[in-house]
Amino acid sequence: MAAPLTRPAKTPPRRTAPPPDGPAAPRIPGARRGQRRAVALFMVPFFALFTAVTVLPMLYAAWMSLFREESSGLGFGGTERVFAGFGNFAEALGDEAFLRSFGNIALYCVLYIPAMVGGALILALLVDSTMARARRFFQIAYFLPHAVPGLIASLIWLYLYTPGLSPITEVLDTLGADWNFFGQDEAIYSVVNISAWQWTGYNMIIFYAGLQAVPREVLEAATVDGSGALRTAFQIKVPMIRPTVVLTLLFTCVGAIQLFDAPKLVQLRANTMGEDWSPTMFIYTAAFKGHDYGLAAASSLILALVAGLLSFVVTKLGNRWKAS
């Protein structure tokens, strides 16, 4: 009798082990599109505000700079807007007062930037030192002058500069020092002092934040190698926060070329400064006192171009310093 037929046993299918990083997630085409839409939606408010407060005013200023208003009939026939082309730009570049204002700002930067940046860096190093006590108190104390609006700060210092009212002038008179804060040569130092008083604490906070990012093991290794406090500060800490210093220099240069409130108020007492001491004061005078809006618009565009070129130069020099 023949043996009954038997079916071969089924072997279970082999199970492949998952990849080390886990199973691959299924790709959903609509997910990336949704993320892009969300990113675009969050960017819309920024670009809308940037266009409203920066792009459109610059385009309007460029349009105004191409025209000038001329009067007829000895001034009794009204004014007429005529196309001037690049005449307003030529007039601004040929105006000695406008060119002299850039020279004044250049001298201001030579005095102000080393004093403010150097002072802020030294204060940040002192607060970051291991021997510093009450760091939070000094951070707040140094930052408080920046919390005062620039116009109010200028008014305060204008009072402190005025003879007969200021306790500072009384102390100087007692010591026999003859210093006129509104003199022809001294007025620029008064402006530098106002700006440095307001911005030193602000930049000190930025430098201090950069110093906090310096690896502590690097500082400990320097201490073990016998490096003193001064050498550690200026040969290790400062080089490691070069990007922060370069960024601060960039913002300081761009802000310095737009200086307005401090010299405008000091000029009220220092008549030798003139109403066109800085480029922004020249633009203000041309627009609101001379009613030459075409010249003011052209001057403002030239100032924006100079600020852009200055930012480019500072960035290039800063990158070279960081790479050295």
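Structure's up top.
Before going into details, it helps to say that this report is about the structure given with it. (Residues numbered from 1 in each chain as written. Predicted model: local features only at pLDDT ≥ 70, side-chain atom pairs only at ≥ 80, totals over all residues. Heavy atoms only, no water.)

1. Examining the overall build of the chain
No. 1: Of the regular secondary structure elements, the chain holds 13 helices and two strands.
No. 2: Of the contacts formed within the chain by residues at least 6 apart in sequence, a portion of 64% connects residues at least 24 apart.
No. 3: Accessible surface, the chain as shown: approximately 21300 Å² in total, 66% of it carbon and sulfur. (Helix = DSSP H or I, 4+ residues; strand = E, 2+ residues; numbered from the N terminus. Contact = heavy atoms within 4.5 Å. Areas by Shrake-Rupley, 256 points an atom, 1.4 Å probe, with all protein chains shown as cover.)

2. Here we look at the nonpolar core
Nonpolar side chains in soluble globular proteins generally cluster together in the buried interior.
No. 1: Tyr 108, Tyr 112, Val 191, Phe 207, Val 266, Met 273 and Trp 277 are the most contacted members of the largest nonpolar core, which totals 63 residues.
No. 2: A per-element tally of this core places helix 3 (residues 96-128) first, with 15 residues.
No. 3: With residues near it in sequence (within four places) discarded, Tyr 112 still touches Val 192, Ser 195, Ala 196, Trp 199 and Thr 252. (Core = buried A, V, L, I, M, F, W, Y, C linked by side-chain atoms within 4.5 Å. Buried < 20%, exposed > 50% of the residue type's maximum accessible area, 1.4 Å probe, protein only.)

3. Topic: the pattern of salt bridges
No. 1: As enumerated under the stated definition, the model contains three salt bridges in all.
No. 2: The shortest N-O distance in the salt bridge between Glu 91 and Arg 68 comes to 3.7 Å. Taken together, the positions of Glu 91 in helix 2 (residues 87-93) and Arg 68 in strand 1 (residues 67-71) put the pair 23 residues apart, joining distant regions of the chain.
No. 3: Given the relative accessible area of 35%, Glu 91 is considered partly exposed.
No. 4: Note on Arg 68: relative accessible area 27%, which makes it partly exposed.
No. 5: Between Asp 128 and Lys 237 there is a salt bridge, with its nearest N and O atoms 2.9 Å apart. Here Asp 128, found in helix 3, pairs with Lys 237, found in helix 9 (residues 229-240); they are 109 residues apart in sequence, far enough to count as distant.
No. 6: Note on Asp 128: relative accessible area 3%, which makes it buried.
No. 7: Exposure remark for Lys 237: the relative accessible area of 10% places this residue in the buried category. (Salt bridge = Lys/Arg side-chain N within 4 Å of Asp/Glu carboxyl O.)

4. Quick look at the state of the cysteines
No. 1: Scanning all chains against the criterion turns up zero disulfides.
No. 2: We note that Cys 109 lacks a disulfide partner, and the nearest cysteine sulfur, in Cys 253, lies 5.9 Å from it. (Disulfide = S-S within 2.5 Å.)

5. Considerations on helix 7 (residues 187-212)
No. 1: The end-to-end C-alpha separation of helix 7 is 38 Å, in line with the 38 Å expected for 26 residues at 1.5 Å each.
No. 2: When the local axis directions of helix 7 are compared, the greatest deviation, roughly 35°, occurs at Trp 199. (Expected span 1.5 Å × (residues − 1). Bend = angle between axes of the 7 residues up to and from the residue.)

6. Let's talk about the side chain of Asn 203
No. 1: Along the chain, the position of Asn 203 falls in helix 7.
No. 2: A polar atom in the side chain of Asn 203 sits 2.8 Å from the backbone oxygen of Trp 199. (Polar contact = N/O pair within 3.5 Å; in protein donor to acceptor, adjacent residues only side chain to side chain.)

7. Examining the side chain of Ser 311
No. 1: Following the sequence through the fold, Ser 311 ends up in helix 13 (residues 293-323).
No. 2: Take Ser 311: its relative accessible area is 19%, and that puts it in the buried class.
No. 3: The residues contacting Ser 311, other than those within four sequence positions of it, are Leu 250 and Val 254.

8. Some words on unusual backbone geometry
No. 1: Positive phi, normally seen in glycine, also occurs at His 291, with a value near 55°.
No. 2: Along the chain, His 291 falls in the loop between helix 12 (279-288) and helix 13.

9. Let's talk about the environment of Leu 265
No. 1: On the secondary structure map, Leu 265 appears in helix 11 (residues 261-266).
No. 2: Classification of Leu 265 by relative accessible area gives buried; the value is 12%.
No. 3: As a C-alpha pair, Leu 265 and Leu 151 span 114 residues in sequence and 8.4 Å in three-dimensional space.
No. 4: Residues in contact with Leu 265, not counting those within four places in the same chain, are Leu 151, Ser 154, Leu 155 and Leu 158.

10. Quick look at helix 13
No. 1: Here helix 13 spans 45 Å end to end across 31 residues, near enough to the 45 Å set by a 1.5 Å rise per residue.
No. 2: Among the residues making up helix 13, those that are buried are Gly 294, Leu 295, Ala 296, Ala 297, Ala 298, Ser 299, Ile 302, Leu 303, Ala 307, Ser 311, Val 314 and Gly 318.

11. Details of the packing of aromatic side chains
No. 1: Per the stated rule, a full pass over the model turns up 18 aromatic pairs.
No. 2: The interplanar angle of 20° and the centroid separation of 5.9 Å between the aromatic rings of Phe 46 and Phe 50 together place this pair among those described as stacked. Taken as a pair, Phe 46 and Phe 50 lie in helix 1 (residues 29-64) at a separation of four residues, close to a single helical turn.
No. 3: A centroid spacing of 5.0 Å and a plane angle of 15° characterise the contact between Tyr 108 and Tyr 112, whose relative ring orientation is stacked. Of the two residues, Tyr 108 and Tyr 112 are both situated in helix 3; the distance of four residues between them amounts to about one turn of the helix. The residues Tyr 108 and Tyr 112 share a single accessibility class, namely buried.
No. 4: In this structure an aromatic cluster arises from ring pairing among Trp 157, Tyr 161, Phe 181, Phe 182 and Trp 197.
No. 5: Here the basic side chain of Arg 81 rests over the ring of Phe 67, its NZ or CZ set 6.0 Å away from the ring centre. (Phe/Tyr/Trp six-rings, centres within 6.5 Å; stacked < 30°, edge-to-face > 60°. Lys NZ or Arg CZ within 6 Å of the ring centre and 35° of its normal.)

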